[in-house]
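# A closer look at the structure
The primary structure of each chain is shown beneath.
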Amino acid sequence: MLKNIQKKTLSLLVLSSLMLSACGGGGNSTPDPSKVLQESQLYHPDTNPAGTVEQPGQTAVLGLEANVSDLPPPSDASKKGVENLWFEVKDSQRMQFALDADILAAIDRVEIRDQGNTLLATVKAATPSITLNLEPGRYQALLYASAASTTLVPVFAQYAVPQAGNVQAQATTALGRVQPQYSFLSAFLMFFGKSCPGCALNDVALPGWNLSGRDFSYATLSGATLNGANFSWANLSRAQLDGAKLSGVNFTRSKLIRADFHGANLSGADLSGADLFDANLGGANLGSANLSEAKLYDANLAGANLSGANLSGAKLTGANLTGTNLILTQWVDGRTCGFESIGTCR
């Protein structure tokens, strides 16, 4: 289990996502729209029997380490690199499990077991998609680290019941990389991948995590603690990051189109070359941030603090700078703004 992620500064961090979506049909599953569950809150029959078994509407965060396993591992399984996630099925249902191809570099296989530890199915490279008929009860998804991996694998687990077409469309698109012919109305879906578009991750704590190049478009990260995280070349278009703690975050060349950073703390963040078209940065703290060459067309910077920030080469056409603190900011043309620079560089 994940003990101290910040001490593993040399680890290659890989983001995984686990999506379970109810689609069509009858049933009485009731979504539990709780905030994200941190690993210490999750149920384990031996190490945390009072913990939470993941329910519809919840998103869990856990960490798979190649040299550390949950206790006890299955008697017939390797004790190296096993992560044990418990989830609950509330109604009799068909459920499809699918692995995204690019996750196989980090995860060797996923075993689906029942509460009594009976193996029901294995999802791996040779069989990246399987379907099971499950009765109500508790089940386990055991994630095994690749034998070649010796590093930490952060895992997102989203157990989602779609309430609108956009959730269904996101999952259908993701699954299409594994099994394009799959009918989304035929079963629930548990999808394993490295990106997490549309995930509900309010108040999640991921300081220092390497999420470079991942897809978090439309994700909800309001109030999240992401200080020092690496989102370079990532896609966070239309993501909700209002009130998030983003000090020192690397957003180099990220796609942040129409993202909401209202009231977020981006002090010292690197947004060089980022695409912030129509993004909402109103009231955000961008003190000493690097926005060189950033595309800020039509962005809202009203009331934001950009004191000491670097805007050299940035594109500000149509940007709202009403009440923006630009004191000692390096302006787009390279000059340093004076002490009376509020709303405009003087």
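Here's a quick rundown of the structure. (Residues numbered from 1 in each chain as written. Predicted model: local features only at pLDDT ≥ 70, side-chain atom pairs only at ≥ 80, totals over all residues. Heavy atoms only, no water.)

## Thoughts on the overall build of the chain
For clarity, the threshold we go by: Numbered from the N terminus, helices here are DSSP runs of H or I no shorter than four residues, and strands are runs of E no shorter than two. In this description, contact between two residues means that some pair of their heavy atoms is separated by no more than 4.5 Å. Areas reported as accessible are Shrake-Rupley estimates using a 1.4 Å probe. Residue values count occlusion only from the protein chains shown.
Across its full length, the chain carries one helix and ten strands. Reading the helices (α) and strands (β) of the chain from amino to carboxyl end gives β-β-β-β-β-β-β-β-β-α-β. Across the chain, the fraction of contacts at a sequence separation of at least 24, relative to all contacts at a separation of at least 6, is 44%. Accessible surface for the chain amounts to roughly 14000 Å². Of this, 49% is attributable to carbon and sulfur atoms.

## What to know about the nonpolar core
Operational definition: Only buried Ala, Val, Leu, Ile, Met, Phe, Trp, Tyr and Cys residues count toward a nonpolar core, and they belong to the same one when joined by side-chain atoms within 4.5 Å. Burial classes: relative accessible area under 20% of the type maximum marks a residue as buried, over 50% as exposed, and values in between as partly exposed (1.4 Å probe, protein chains only).
By size, the foremost hydrophobic cluster in this structure holds 56 residues, and its most contacted members are F261 and L276. Once residues lying within four places of it in the same chain are set aside, the contact partners of F261 are L241, D242, L246, F251, L256, L266, L276, N280, L281 and A284. Residues F97, V123, L134 and V155 belong to the second largest nonpolar core, which totals 29 residues.

## Focus on the packing of aromatic side chains
As a reminder of what qualifies: When the centres of two rings from Phe, Tyr and Trp lie within 6.5 Å, Trp using its six-membered ring, the rings pair. Their planes under 30 degrees apart give stacked, over 60 give edge-to-face, and anything left gives tilted. Think of it as a cone above the ring: NZ of Lys or CZ of Arg counts as a charge over the ring if it is within 6 Å of the ring centre and within 35 degrees of the ring normal.
Applying the stated criterion across every chain yields a total of five aromatic pairs. Aromatic pair F231 and F251: ring centres 5.6 Å apart, planes at 15°, arrangement stacked. Placement of the pair is F231 in the segment after β10 (188-193) and F251 in the segment after β10, with a sequence separation of 20 residues. The pair formed by F231 and F251 is uniform in burial state, with each residue classed as buried. Through a chain of ring-to-ring contacts, three or more aromatic side chains come together here, namely F216, F231, F251 and F261. Over the ring of Y144 we find R109; its NZ or CZ atom is 3.7 Å from the centre of that ring.

## Focus: the state of the cysteines
Here is the rule: Cysteine sulfur atoms are paired as a disulfide whenever they come within 2.5 Å of each other.
According to the stated counting rule, one finds two disulfides in the structure shown. Residue pairing for C337: its cysteine sulfur links by disulfide to C345, the two sulfurs lying 2.1 Å apart. Since a negative S-S torsion denotes a left-handed disulfide, the C337-C345 link at about -115° is left-handed. For the pair shown, C337 and C345 are each scored as buried.

## Things to note about the environment of G263
You can see G263 is positioned in the segment after β10. Since its relative accessible area comes to 42%, G263 is described here as partly exposed. Considered as a pair, G263 and G243 are 20 residues apart in the sequence and their alpha carbons are 4.9 Å apart. Sequence-distant contacts of G263, defined by excluding residues within four places in its chain, comprise G243, G282, G283 and A284.

## Regarding the sheet that holds strand β3 (residues 82-89)
Operational definition: In short, DSSP must find at least two bridges between two strands for them to pair. Each axis is a line fitted through C-alpha atoms, and for a helix only the stretch in contact is used; angles between axes span 0 to 180 degrees, taken between their N-to-C directions.
With respect to topology, four strands assemble into an open sheet ordered β3-β8-β5-β6, the strand pairing being antiparallel. Pairing within the sheet leaves two strands with one partner each, and these edge strands are β3 and β6 (119-124). Taken over all neighbouring pairs, the strand axes of this sheet differ in orientation by 20° on average, direction set aside. In this structure, strand β5 (residues 107-114) lies alongside strand β8 (residues 137-145), joined through seven bridges in antiparallel fashion.

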